[in-house]
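Residue-level structure breakdown
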Amino acid sequence: MDTKLIIPSNYKPTLNLKQTEIAIKTIKDYFERKLAKKLNLLRVSAPLFVRTNTGLNDNLSGVERPVIFDMKNDSESNVEIVHSLAKWKRMALKRYNFEIGEGIYTDMDAIRRDEEFDNTHSIYVDQWDWEKIIDKKERNQEKLKEIVKLIYGICKDTEKYICGLYDHIEPILPEEIQFISSKELERLYPNLSPELRERKIAKEKKAVFIMEIGRNLESGEPHGMRSPDYDDWDLNGDIIFWNPVLNSEFEISSMGIRVDEEALKEQLRLSNCEDRKTLEYHELLLQDKLPLTVGGGIGQSRLCMFFLRKAHIGEVQSSIWPKWMVEECNKKNIILL
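The structure reproduced in this document is the subject of the present report. (Residues numbered from 1 in each chain as written. Predicted model: local features only at pLDDT ≥ 70, side-chain atom pairs only at ≥ 80, totals over all residues. Heavy atoms only, no water.)

Turning our eyes to something else, we now look at the side chain of Q317. Residue position: Q317 is located in the loop between α8 (300-307) and α9 (323-331). Reaching out from Q317, the side chain makes a polar contact with the side chain of S122 at a distance of 2.7 Å. A polar contact of 3.2 Å, which involves the side chain of Q317, links it to the side chain of S301. The contacts of Q317, once residues within four sequence positions are left out, are S122, Y124, D126, S301 and L337. (Helix = DSSP H or I, 4+ residues; strand = E, 2+ residues; numbered from the N terminus. Polar contact = N/O pair within 3.5 Å; in protein donor to acceptor, adjacent residues only side chain to side chain. Contact = heavy atoms within 4.5 Å.)

Below you can see the structure in the form of structure tokens.
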């Protein structure tokens, strides 16, 4: 049995299944409207799968296996269910002729077959994937922090809105989100693992953006694995809240300013992935034919879980769970959809 499942003591959900479904839609509708307005994003249709030979799928940490299948009467290549749309969005911005300051967002559904089941991870991933064109002079941490603050402000607004609808939910997010680099975090807690460092800083700050994820730290290991071909490892990070229901850190978004030609070359080299240079996406980027962008993903079920003070992501999304997990959750008042 997987020991990562957290069972909060005396847990009792305050909304029944029908009320929960209503609340989920309320949160998603409110947050999505705010996100589009604050970041100047247009909603677009998104693919569920992409061709394998385009290099458009998100390779995540490089070891996860996509779900791959062939199509009848089409021998060009296999197709694979997306892990995320990190690279596809940048191609779409070019194809749709968007300008600097404009962006897109999608309802992204993915299958991540190698996820380890716990309170916050599912093989089904639903998130708002967003991407926005920026000017070359905006490829800096100041711009990144500005956008993080905008997204955090939307989270604060959403929490206030939900607390106004449900008296039993109290606001817990701090007034401001704090920023710290993975290097600074390692120096603070050199004897802890990256996961425990996140737990420590999230408990202290309640809301934090951990920056610069992907490069090796002083320990010789990175804070976390990142694909080399979308985020610039010097200009990215994760938004993490403190979750009092689980008594744990709680990531709600991974985002960053995307690689330019030079960053892509360096990160492919460091990751021993230079063979990707011949893929369509990478060729366009290396030829400076794609716009400079910033983007990320914001977990829809993660946000609903957090704002409704749920103990398991399965309480706000319909997915498949191991039989033992379903039985254990049922015993402890955690009713999975």
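We now examine the sheet that holds strand β11 (residues 293-299). Taken together, eight strands build an open sheet; the order of strands is β1-β5-β6-β11-β10-β9-β8-β7 and the sheet is mixed. Every other strand in the sheet has two partners, leaving β1 (41-43) and β7 (178-181) as the edge strands with one partner each. Strand-to-strand twist across the sheet, computed as the mean angle between neighbouring axes with direction ignored, equals 25 degrees. Judged from the nine bridges that link them, strand β9 (residues 231-243) and strand β10 (residues 248-258) form a sheet pairing that is antiparallel. The residue bridging N236 from the neighbouring strand is G256, located in β10. Those strands touched by helix α2 (residues 86-95) are β5 (103-111), β6 (124-133), β10 and β11, and its axis lies near 35 degrees from that of β6. Against the sheet, α8 touches β5, β6, β9, β10 and β11, its axis set at about 50 degrees to β11. (Pairing = 2+ DSSP bridges. Axes fitted to C-alpha atoms, helices over the stretch in contact; angles between N-to-C directions.)

This next bit is on the sheet that holds strand β2 (residues 49-51). Taking strand neighbours across the sheet as the criterion, the three strands line up as β2-β4-β3 in an open arrangement whose pairing is antiparallel. Because the sheet does not close on itself, it has two edges, and the strands there are β2 and β3 (68-71). For this sheet, the mean inter-axis angle between neighbouring strands, taken without regard to orientation, is 35 degrees. Bridge count between β2 and strand β4 (residues 74-81): three bridges; the pairing is antiparallel.

For the rest of this paragraph, the subject is the packing of helix α1 (residues 17-39) against α8. In contact at an axis separation of 10 Å, α1 and α8 are set at 115 degrees when each is read in the N-to-C sense. Considering how the two elements wind past one another, α1 and α8 form a crossing that is right-handed. Taking contact as the criterion, the partners of I24, I27, K28 and F31 in α1 are, on α8, Q300, L303, C304 and F307. In terms of residue class, the contact of α1 with α8 is made up of six nonpolar, one polar and one charged. (Left-handed = near helix turned anticlockwise from the far one by under 90°. Nonpolar A, V, L, I, M, F, W, Y, C, P; charged D, E, K, R; others polar.)

Let us look at the pattern of salt bridges. Under the defined criterion, the tally for this structure stands at 29 salt bridges. Notably, a salt bridge pairs R258 with E131, separated by 2.9 Å at the nearest N-O pair. Of this pair, R258 sits in strand β10 while E131 sits in strand β6, placing them 127 residues apart in sequence. Overall, the relative accessible area of 0% leaves E131 in the buried class. (Salt bridge = Lys/Arg side-chain N within 4 Å of Asp/Glu carboxyl O. Buried < 20%, exposed > 50% of the residue type's maximum accessible area, 1.4 Å probe, protein only.)

Each pair of packed helices gets described by two things: the angle between the helix axes and the distance between those axes. With their axes 11 Å apart at the nearest point, helix α3 (residues 141-165) and α8 run at an angle of 45 degrees to one another. Compared by their axis directions, α3 and α8 come out oblique. The two elements α3 and α8 meet at a crossing, and its hand is right-handed. Across from C155, T158, E159 and I162 in α3, the residues of α8 making contact are L303, F306 and F307. (Parallel < 35°, antiparallel > 145°, perpendicular 65-115°, else oblique.)

Here M108 is to be found in strand β5. If we ignore the near neighbours within four places in the chain, the residues touching M108 are V82, H83, S84, L85, V125, D126, Q127 and D129.

Next up on the list: the pairing of β5. Consecutive residues of a regular strand have side chains that alternate between opposite faces of the sheet. Across three bridges, the pairing between β1 and β5 is parallel. Across the sheet, residue L42 finds its bridge partner in β5, namely I104.

Attention now goes to a nonpolar patch on the surface. A cluster of nonpolar side chains, namely L48, F49 and F69, defines an oily patch on the protein surface of about 250 Å² accessible area. If you trace the backbone, L48 turns up in the loop between β1 and β2. (Patch = residues over 30% accessible without salt bridge, like charges linked within 9 Å, V, L, I, M, F, W, Y side chains within 5 Å. Areas by Shrake-Rupley, 256 points an atom, 1.4 Å probe, with all protein chains shown as cover.)

Before going further, it helps to spend a moment on empty space enclosed by the protein. If you walk through the whole model with that rule in mind, you get one cavity of 30 Å³ or more. If you add up the space inside the largest cavity, you get close to 30 Å³. Around the largest cavity, the lining residues are S182, K183, E212, R215 and L217. Of the residues assigned to the lining of the largest cavity, the class counts are one nonpolar, one polar and three charged. (1 Å grid on protein atoms, 1.4 Å probe; cavity = no way out; pocket = protein on both sides within 12 Å on 5 of 7 lines; lining within 4 Å. Points joined across faces, edges and corners; volume = space filled by probe spheres on them.)

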